[in-house]
Amino acid sequence: MGRAEDEVVSLTSELIQIDSQNTGELATTTGEAEAAAYVDAKLREVGYETEVIESGAPGRHNVFARLKGADPERPALLVHGHLDVVPFDESEWSVHPLSGSVQDGYVWGRGAVDMKDMDAMILALARQFAAEGTVPPRDLVFAFLADEEAGGAYGSHWLAENRPDLFEGCTEALGEVGGFSLTLGEDVRVYPVMTAEKSIAWMRLRVRSRPGHGSMIHDENAVTILAEAVARLGRHRFPLVLTESVQGFFDEITTLTGIEFPTDSAAALDGAVAKLGGVARVVGATTRDTANPTMLSAGYKANVIPSVAEATIDCRVLPGRQEAFERELDEILGPDVEREWIRNLQAVETSFDGELVDVMTRAVQEEDPQAHTLPYMMSGGTDAKAFEKLGMRCFGFAPLRLPPDLDFTALFHGIDERVPVDALQFGTRVLEKILRRC
């Protein structure tokens, strides 16, 4: 077989062609079994002893392989990706989302950037290392996981709780979402390293009140009470809070570009963030907590005032802010609204330092002399939340050098998701350097 960068494009394309849509519901989710079987076969082909684990539900398959390192006393590095993707509406796409088509310099399809591209990089390098007899500095644990797109209950979190032996010795983890280049101005190119994530906190609101006939005056309508509370929450702006990762991002951008990020007013900070282009939608969401209403449910007939009304809120909370956030929630919602967490995965954060960070920085700068690395916080969440509970420092770094005019962040879960071919090859070279030196 050839080098990893020579087969990463075909691996990405073939992984995309496997339907692994995750709807969040077991009854309608295809599952990751076929994708896991594909990865397992590719690893076994070059001599790995793999373990395929079903994580809590039929079809939710994960693949693990370990490559022994030169120093068995050193802690291991977990290198992980997820095999599931979010659903799509085929009619909205210009290229079929399961085609894996390679055209116009891109690989197209659902998962091209989230995250079958990184899966393919990891798989290609694992295959190359085994075929060449490469011995990395320390053990590398390769993990291809299920259910990340629905929070990992049938993936990373199940594995962390039920099979912690799979992660034996791992003190650091490398996964998504970071490492993609951002071009600021004409000649400044930065590669953010994900060092923090907001929480994933899905909340149900419920109002119970007296039912009645829709034709009568009714001062205790559950729908009205809930709607007013949801509107208050949806319009509320939580206070500015800059964590270490976000402040580090702003400080480095200021040094590189001269853009100042004033914190004396939310409007001034938002205006400065807007100068960052497409990534502003992600960065702006990391300066405060958010609570966005996403679902409403009430009633069963047009002329019946129901006794119960419910809403679902997607909350994303900054590291260290959970208690203050919940106090603020209760003040906004008032005493008539019950709330409960449907899913509450805590925020995580680590510092932007250490040998692994230095290795990532050197590796990307060798492939791109104009590269600068800096910390950043992800507004969403990844499998890092499960691995942080096992004591690992988690970083997101899936390296891609991107065209300056590509609005990359819009492609995550977006229509016509695609990744540049040359970015895939660039990323594979960078990741190879990292894993050889880590």
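Here is what the cut-offs are and how they apply
Residues numbered from 1 in each chain as written. Predicted model: local features only at pLDDT ≥ 70, side-chain atom pairs only at ≥ 80, totals over all residues. Heavy atoms only, no water. Helix = DSSP H or I, 4+ residues; strand = E, 2+ residues; numbered from the N terminus. Rg over C-alpha atoms; globule rule 2.2 N^0.38 Å. Buried < 20%, exposed > 50% of the residue type's maximum accessible area, 1.4 Å probe, protein only. Areas by Shrake-Rupley, 256 points an atom, 1.4 Å probe, with all protein chains shown as cover. Lys, Arg positive; Asp, Glu negative; His and termini not counted. Charge placed at Lys NZ, Arg CZ, Asp CG, Glu CD. Axes fitted to C-alpha atoms, helices over the stretch in contact; angles between N-to-C directions. Parallel < 35°, antiparallel > 145°, perpendicular 65-115°, else oblique. Left-handed = near helix turned anticlockwise from the far one by under 90°. Contact = heavy atoms within 4.5 Å. Nonpolar A, V, L, I, M, F, W, Y, C, P; charged D, E, K, R; others polar. Pairing = 2+ DSSP bridges. Salt bridge = Lys/Arg side-chain N within 4 Å of Asp/Glu carboxyl O. Core = buried A, V, L, I, M, F, W, Y, C linked by side-chain atoms within 4.5 Å. Expected span 1.5 Å × (residues − 1). Polar contact = N/O pair within 3.5 Å; in protein donor to acceptor, adjacent residues only side chain to side chain.

For the rest of this paragraph, the subject is the overall build of the protein. When helices and strands are tallied, the protein shows 12 helices and 19 strands. Scaling as 2.2 N^0.38, a compact globule of 438 residues should have a C-alpha radius of gyration of about 22 Å, and the protein matches this with 23 Å. For the protein, with 438 residues in total, the buried portion stands at 56%. With an accessible surface of roughly 17,800 Å², the protein has 48% of that area assigned to carbon and sulfur atoms. For the protein, the distance from the average site of its 40 positive side-chain charges to the average site of its 71 negative ones is 2 Å.

A few words on the packing of helix α3 (residues 116-132) against helix α12 (residues 421-437). It is at 10 Å that the axes of α3 and α12 come closest, and there the two elements cross at 55°. The orientation of α3 with respect to α12, classified from their angle, is oblique. Where α3 crosses over α12, the handedness of that crossing is right-handed. Across the interface between the two elements, Asp117, Met118, Met121, Ile122, Leu125, Gln128, Phe129 and Glu132 from α3 touch Leu424, Gly427, Thr428, Leu431, Glu432, Leu435 and Arg436 from α12. Here the residues of the contact of α3 with α12 sort into 8 nonpolar, 3 polar and 4 charged.

Moving on, we come to the sheet that holds strand β19 (residues 418-420). Whenever strands of a sheet pair, they do so through backbone hydrogen bonds, lying parallel or antiparallel. Spatially, β4-β5-β19 is the arrangement adopted by the 3 strands of the open sheet, whose pairing is antiparallel. If you trace the sheet from one side to the other, it starts and ends with β4 (102-103) and β19, each paired once. Bridge count between strand β5 (residues 106-108) and β19: 3 bridges; the pairing is antiparallel. Its bridge partner being in β19, Val107 is matched across the sheet by Val419. Across the sheet, helix α1 (residues 4-16) is in contact with β4 and β5; its angle to β5 comes to roughly 15°. Together, β4, β5 and β19 form the strand contacts of α12, whose direction differs from that of β19 by roughly 65°.

For the coordinates displayed, the defined rule picks out 36 salt bridges. The partner of Asp270 in a salt bridge is Arg237, and the shortest N-O contact between them spans 2.9 Å. Taken as a pair, Asp270 in helix α7 (residues 266-274) and Arg237 in the loop between α5 (222-235) and α6 (244-257) lie far apart in primary sequence, 33 residues in all. Residue Asp270 is classed as partly exposed on the basis of its relative accessible area, which comes to 27%. Residue classification places Arg237 among the exposed residues on the basis of a relative accessible area of 52%. When salt bridges with common partners are traced through the structure, they connect Arg204, Arg206, Arg208, Glu310, Glu338 and Glu340 into a single cluster.

Generally speaking, a soluble globular protein has its nonpolar side chains buried in company with each other. One finds Phe142, Ile434 and Leu435 to be the most contacted residues of the largest nonpolar core, which totals 94 residues. Examining the composition of this core, we find that 9 residues originate from one element, α3, more than from any other. Excluding its chain neighbours within four sequence positions, the residues that come into contact with Leu435 are Leu77, Val79, Leu125, Phe129, Pro136, Pro137, Leu140 and Phe142. Listed in part, the 21 residues of the second largest apolar core include Val230, Ala291, Ala309 and Ile332.

The sheet built from 4 strands is open, its strands ordered β12-β14-β10-β15 with antiparallel pairing. On the outer flanks of this sheet lie β12 (290-298) and β15 (338-345), each paired with one strand and no other. Across the sheet, the mean angle from the axis of one strand to that of its neighbour is 20°, orientation sign disregarded. Two elements, β12 and strand β14 (residues 308-316), share 8 bridges in a ladder whose sense is antiparallel. Bridge assignment links Ala298 to a residue of β14, and that residue is Ala309. In the packing of α5 onto the sheet, contacts are made with β10 (200-208), β12 and β14, and the angle to β14 comes to roughly 15°. Across the face of the sheet, helix α9 (residues 322-333) comes into contact with β10, β12, β14 and β15 while running at roughly 150° to β15.

Between helix α10 (residues 355-367) and α12, the shortest axis-to-axis distance is 9 Å and the interhelical angle comes to 140°. The orientation of α10 with respect to α12, classified from their angle, is oblique. Every pair of crossing elements has a handedness; the one defined by α10 and α12 is right-handed. Across the interface between the two elements, Glu355, Leu356, Val359, Met360, Ala363, Val364, Glu366 and Glu367 of α10 pack against Phe426, Arg429, Val430, Lys433, Ile434 and Arg437 of α12. Residues that form the contact of α10 with α12 fall into these classes: 8 nonpolar, no polar and 6 charged.

With 12 residues, α9 extends 16 Å between its outermost C-alpha atoms, agreeing within 8% with the 16 Å of an ideal straight helix rising 1.5 Å per residue. Of the surrounding elements, those touching the buried residues of α9 are β10, α5, β12, β14 and β15. Gly334 sits one or two residues past α9 and shows a positive phi near 85°.

Its place among the elements puts Arg418 in strand β19. No salt bridge is formed by the buried Arg418. Its closest oppositely charged neighbour is Asp416, at 5.3 Å. Within the local environment of Arg418, its side chain forms a polar contact with the backbone oxygen of Asp416, the two atoms lying 2.8 Å apart. Excluding its chain neighbours within four sequence positions, the residues that come into contact with Arg418 are Tyr106, Val107, Trp108, Ala112, Val113, Leu406 and Leu411.

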